[in-house]
Amino acid sequence: MEYLKRAAAESEVAQEDERIQGVVKDMLANIRRNGETAVREYARQFDNWQGDFVLTEQKKQALIDQVPQQVKDDIDFAHRQIKRFAEAQRDSLTSFEIETEEGVRLGQQILPVQCAGCYVPGGRYAHAASALMSVATAKAAGVPFIVACSPPRGDSINPAVAYAMHVAGADVILEMGGVHAIATMAYGLFTDRPADILVGPGNAYVAEAKRMLFGEVGIDVFAGPTESAIIADKNADPMTIAVDLVSQAEHGPNSPVWLFTDSRELGEKVLEIMPHVIADMPNADVCEAAWRDHGVVILGDSREEVAKVSDEWACEHLQVLADDLEWWKANLNNYGSLFLGEGSTVSHGDKCSGTNHILPTKKAARYSGGLNVQKFMKVLTYQELSEDANLLFSAAGSRISRTEGMEGHARACDWRLRKYFPDTEWDFHVYDQKRYC
């Protein structure tokens with residue numbers, strides 16, 4: 001493995017993460033102590049916002065009326081794709097009941113959480129697609145109450161974002177962003193409905209707030225800046241690679257973009273043309289910073305080594321521009337979402353293909369997938385044992401409990417053995433519990 005280009009700012013990331021952790025910790029502590037008062041102060045401080053947070057039906061309709069019909073049609077199209085895929089995910093997980101032994105019924109029920117909090121970022125861009133990804137997926141899961149929030153721009157949230165939230169099925173929309181929005185949803189401020197799970201992308205402060213609140217509430221994924229990688233062989237088009245890398249670099253100056261290849265010629269050609277493609281962009285400064293500070297090009301000896309490198313990096317978005325796509329699909333294990341072939345760009349997944357774009361970063365793809373319907377659902381198990389079944393199961397439970405040194409557990413089984421089978425002579429110790437009623 002050889003680096004044709006290394007990231008220039010690797011050492012700075014840990015220091016920045018530590019600073020952000022301190023800020024978020026203090027903000028969450030303040031909101032825990034002072035509740036809505038603290039949230040109002042943060043909203044005034046960060047967004048110059050002093051109005052109500054809950055979007056009224058009248059104001060929502062006024063925002064929707066500003067959205068051009070073509071934009072509405074495109075959002076509706078994307079919503080159909082996302083909803084269709086999410087419903088297929090939901091249907092792939094089913095309730096069932098089985099009889100494992102005579103008199104023993106075991107089963108699982110699939111139930112949604114009762115309240116989901118969906119964060120929709122709104123800093124540099126208007127993330128209407130992100131509203132669909134979180135809210136529509138929660139809706140497909142059957143979540144009965146969905147709170148969505150997004151930071152305001154001026155005197156309102158973005159109209160297209162408001163329309164997307166509305167179409168996807170949000171029950172309450174909050175005009176609010178940042179750490180205080182995450183805490184608001186977690187604690188049910190202004191809604192009296194604390195969220196059971198928090199989902200959606202955001203900046204580093206939002207991601208850290210979700211991380212710190214994990215345990216008090218569920219979260220979708222541990223998220224950092226957007227990551228995108230491309231695997232390419234000698235037959236890939238270097239211009240397609242450069243265009244797609246730059247398209248993802250515009251997420252922000254700290255968004256890494258990576259190229260893994262077994263072709264030195266291809267890697268060097270991409271390095272040559274990247275500055276030109278970046279210079280064509282209206283936000284060239286953002287893309288140039290992301291490429292300079294976080295861009296990486298790695299050369300491997302073979303496709304097997306390239307696949308190994310890719311799995312080690314466990315990228316959020318992974319494109320494959322190489323021959324034998326089925327081989328790559330079978331041999332790649334760690335990624336948030338996979339884009340196979342030149343016809344599939346990350347922009348499709350980000351906006352409208354139907355798979356979810358809220359995905360794991362910082363190598364979390366080693367153990368987690370992205371946001372999906374099942375994140376909003378709980379697999380709840382149940383069991384029912386007949387009296388006769390206790391002859392086998394309480395006996396085994398009693399003996400295993402004593403093997404572990406857990407006498408109370410053993411006696412719960414022993415009680416049933418003596419109650420249901422009073423005339424039985426036991427060939428192992430069964431405690432004879434005195435009855436007090």
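Definitions and limits used
Residues numbered from 1 in each chain as written. Predicted model: local features only at pLDDT ≥ 70, side-chain atom pairs only at ≥ 80, totals over all residues. Heavy atoms only, no water. Core = buried A, V, L, I, M, F, W, Y, C linked by side-chain atoms within 4.5 Å. Buried < 20%, exposed > 50% of the residue type's maximum accessible area, 1.4 Å probe, protein only. Helix = DSSP H or I, 4+ residues; strand = E, 2+ residues; numbered from the N terminus. Contact = heavy atoms within 4.5 Å. Pairing = 2+ DSSP bridges. Axes fitted to C-alpha atoms, helices over the stretch in contact; angles between N-to-C directions. Left-handed = near helix turned anticlockwise from the far one by under 90°. Nonpolar A, V, L, I, M, F, W, Y, C, P; charged D, E, K, R; others polar. Patch = residues over 30% accessible without salt bridge, like charges linked within 9 Å, V, L, I, M, F, W, Y side chains within 5 Å. Areas by Shrake-Rupley, 256 points an atom, 1.4 Å probe, with all protein chains shown as cover. Salt bridge = Lys/Arg side-chain N within 4 Å of Asp/Glu carboxyl O. Lys, Arg positive; Asp, Glu negative; His and termini not counted. Charge placed at Lys NZ, Arg CZ, Asp CG, Glu CD. 1 Å grid on protein atoms, 1.4 Å probe; cavity = no way out; pocket = protein on both sides within 12 Å on 5 of 7 lines; lining within 4 Å. Points joined across faces, edges and corners; volume = space filled by probe spheres on them. Parallel < 35°, antiparallel > 145°, perpendicular 65-115°, else oblique. Expected span 1.5 Å × (residues − 1). Arc of directions from axis to C-beta. Polar contact = N/O pair within 3.5 Å; in protein donor to acceptor, adjacent residues only side chain to side chain.

Caption draft 1: Molecular detail of the nonpolar core. Of all hydrophobic cores here, the largest spans 43 residues; its most connected members are Ile75, Leu132, Val135, Val143, Ile157, Met165 and Phe376. Among the elements of the structure, helix H2 (57-65), helix H3 (69-91), strand S4 (115-119), helix H4 (128-141), strand S5 (145-150), helix H5 (159-168) and strand S7 (197-199) are those that each provide at least two residues to this core. It is H4 that contributes the most residues to this core, 9 residues altogether. Excluding its chain neighbours within four sequence positions, the residues that come into contact with Phe376 are Leu111, Pro112, Val113, Ala116, Ser134, Thr137, Ala138, Ala141, Val143, Ile197, Val199 and Leu371. By size, the runner-up hydrophobic cluster in this structure holds 33 residues, among which are Phe53, Leu189, Leu198 and Val206.

Caption draft 2: Structural detail: the sheet that holds strand S9 (residues 228-232). One open sheet accounts for 6 strands, arranged S1-S11-S10-S9-S12-S13; its pairing is mixed. If you trace the sheet from one side to the other, it starts and ends with strand S1 (2-5) and strand S13 (337-340), each paired once. With direction set aside, neighbouring strand axes in the sheet form an average angle of 20°. As paired elements, S9 and strand S10 (residues 257-261) share 5 bridges and run parallel to each other. Each bridged residue has a counterpart across the sheet, and for Ile231 the counterpart in S10 is Phe260. Helix-sheet contacts for helix H9 (residues 264-279) involve S1, S9, S10 and strand S11 (296-299), and the interaxial angle to S1 is about 25°. Contacts from helix H11 (residues 303-313) reach S1, S9, S10, S11 and strand S12 (317-321) within the one sheet, and its direction differs from that of S10 by about 155°.

Caption draft 3: Spatial organisation of the sheet that holds strand S2 (residues 96-101). Strand order across the open sheet formed by 3 strands is S2-S3-S14, with antiparallel pairing between neighbours. The two strands at the open ends of the sheet, each matched to only one other strand, are S2 and strand S14 (377-385). For this sheet, the mean angle separating the axes of adjacent strands, direction not counted, is 20°. Pairing analysis gives 5 bridges linking S2 to strand S3 (residues 104-112), with the strands arranged antiparallel. Bridged to Phe96 within S3 is Gln108.

Caption draft 4: Representation of the packing of H3 against H4 within the structure. Where H3 meets H4, the axes come as close as 9 Å, and the angle between the chain directions of the two elements is 35°. Both H3 and H4 take part in a crossing whose hand is right-handed. Across the interface between the two elements, Ile75, Ala78, His79, Ile82, Ala86, Glu87 and Arg90 of H3 pack against Ala128, Leu132, Met133, Ala136, Thr137 and Ala140 of H4. Class assignment of the residues belonging to the contact of H3 with H4 gives a composition of 9 nonpolar, 2 polar and 2 charged.

Caption draft 5: Local environment of a negative patch on the surface. On the surface, Glu99, Glu101, Glu102, Glu387 and Asp388 cluster together to form a negatively charged patch. Mapped onto the secondary structure, Glu387 falls in the loop between S14 and helix H14 (390-403). Glu387 sits in the partly exposed class, given a relative accessible area of 49%.

Caption draft 6: Main features of empty space enclosed by the protein. For the structure shown, the criterion picks out 1 cavity of 30 Å³ or more. Taken as a whole, the largest cavity holds about 50 Å³ of empty space. If you trace the largest cavity, you find it lined by Ile82, Phe85, Ala86, Gln89, Thr137, Gly354, Thr355, Asn356, Leu371 and Asn372. When residues in the lining of the largest cavity are grouped by element, the largest group, 4 residues, is from H3. Per-class residue counts for the lining of the largest cavity are 4 nonpolar, 6 polar and no charged.

Caption draft 7: Structural view of unusual backbone geometry. Of note in the backbone geometry, Ala314 takes a positive phi value of approximately 50° without being a glycine. The exposure class assigned to Ala314 is buried, which follows from its relative accessible area of 0%. The backbone of Lys362 shows a phi angle near 55°, a positive value even though the residue is not glycine. Mapped onto the fold, Lys362 is located in the loop between helix H13 (346-351) and S14.

Caption draft 8: Geometry of the packing of H4 against H5. Remark: H4 packs on H5, axes separated minimally by 8 Å, with the N-to-C direction vectors making an angle of 15°. Taken together, the axis directions place H4 and H5 in an arrangement best described as roughly parallel. Pair H4 / H5 crosses with right-handed handedness. Contact residues: H4 offers Ala128, Ala131, Leu132, Val135, Ala136 and Lys139, while H5 offers Ala160, Val161, Ala164, Met165 and Ala168. The residue inventory of the contact of H4 with H5, partitioned by class, reads 10 nonpolar, no polar and 1 charged.

Caption draft 9: Focus on H14. Here H14 is 14 residues long and its end C-alpha atoms lie 19 Å apart, about the 20 Å a rise of 1.5 Å per residue gives. For H14, the full list of buried residues reads Asn390, Ser394, Ala395, Gly397, Ser398 and Ser401. With its buried residues spanning 165° around the axis, H14 presents them on a single face. Exposed side of H14, more than 90 degrees from the buried face: Leu392, Ile400 and Thr403 are the residues found there.

Caption draft 10: The arrangement of the pattern of salt bridges in detail. Following the criterion strictly, the structure yields 21 salt bridges and no others. Measuring nitrogen to oxygen at the nearest pair gives 3.3 Å for the salt bridge that ties Lys60 to Glu57. A residue pair is termed a helical-turn pair when its members lie 3 or 4 positions apart in one helix, as Lys60 and Glu57 do in helix H2 at 3 residues. Its salt-bridge partner being Glu407, residue Arg402 comes within 2.9 Å of it at the nearest N-O pair.

Caption draft 11: Quick peek at the environment of Asp311. You can see Asp311 is positioned in helix H11. Through-space distance from the C-alpha of Asp311 to that of Ala140 is 31 Å; in sequence the pair is 171 residues apart. Among all residues touching Asp311, those that are not within four sequence positions of it are Asn331, Leu332, Asn333 and Asn334. Engagement of the side chain of Asp311 in a polar contact is seen with the backbone nitrogen of Asn333, the distance being 3.0 Å.

These values are about where atoms sit, not about what they do.
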